Amino acid sequence: MFLKKAILIIALVTILASLYSCKEDTTVEYTHPHVTINVQGYSEPMVLELYYDKAPNSVRNFIHLANSGYYEGSIFHRVIHDFMIQGGSGAAGVCAIAGEFSANGFTANDVPHERGVISMARTSVPNSATSQFFIVHKTSPHLDGNYAAFGKLLSGFATLDAIASVATNYQDRPLADVVITSVSVETFGYQYQAPTCG
């Protein structure tokens, strides 16, 4: 009888531990996911932390695309020194997500567009963000509340500065392609759902 109870308790503990490890994190002991962006020709990767607590769907969207390999081989196609570097344009078929910024009624996101912040690029339509993102080169407060900032650079500022300084044409496109070779995500054991589209 004792043996059966012991086996039952062990089984229950195992099931609960499994459920806990697979759930999407909402706990106090939360670790921001880290993203590593490697760029061809630049030895130092750009490493960022993502703010799920500020822009959850933007973070889920980025993680989903990164884990699918979507960004590999894409380029930073728009570069403006002392402003930002923009990339992430890939194949068609990605969904549009709602803009998580205050001008669009999403007040939880108060991340300022400081140097090194990553944010979702979009058209003039608030809910048009898909895969493209930009990393702020110089603090740009006029973007605050109008774009969905969702993380910030931890290291790789030299690479950010170097990319922001490349020669560009009149459309701000680099004369030589700045190619993203890989984007990897460390979630520290937490699981993130696919993004909500529309």
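Residues numbered from 1 in each chain as written. Predicted model: local features only at pLDDT ≥ 70, side-chain atom pairs only at ≥ 80, totals over all residues. Heavy atoms only, no water.

Moving on, we get to the confidence of the model for the protein chain. Of all residues in the protein chain, 85% attain a pLDDT of 70 or more, and the chain-wide mean is 89. Counting contacts from residues 6-28, a segment whose pLDDT is below 50, to residues more than four positions away or on other chains yields 15 contacts. (pLDDT = per-residue confidence, 0-100. Contact = heavy atoms within 4.5 Å.)

Before going further, it helps to examine unusual backbone geometry. Within the chain, Asp 82 stands out as a residue other than glycine whose phi angle is a positive 65°. Here the phi dihedral of Phe 188 falls at roughly 55°; this positive angle occurs in a residue that is not glycine. Within the secondary structure layout, Phe 188 lies in the segment after β8 (180-186). Residue classification places Phe 188 among the partly exposed positions, given a relative accessible area of 39%. (Helix = DSSP H or I, 4+ residues; strand = E, 2+ residues; numbered from the N terminus. Buried < 20%, exposed > 50% of the residue type's maximum accessible area, 1.4 Å probe, protein only.)

We now examine the environment of Pro 126. Within the secondary structure, Pro 126 sits in the loop between β5 (117-120) and β6 (133-136). Remark: the alpha-carbon pair of Pro 126 and Asn 104, spanning 22 residues in sequence, is separated by 6.5 Å.

A word on the state of the cysteines. Enumeration over the complete set of coordinates arrives at 1 disulfide. Each sulfur of the disulfide joining Cys 95 and Cys 197 lies 2.2 Å from the other. Its torsion about the S-S bond being -75°, the disulfide of Cys 95 and Cys 197 is classed as left-handed. Of this pair, Cys 95 sits in the loop between β4 (84-87) and β5 while Cys 197 sits in the segment after β8; the two residues are 102 residues apart in sequence, bridging distant segments of the chain. (Disulfide = S-S within 2.5 Å.)

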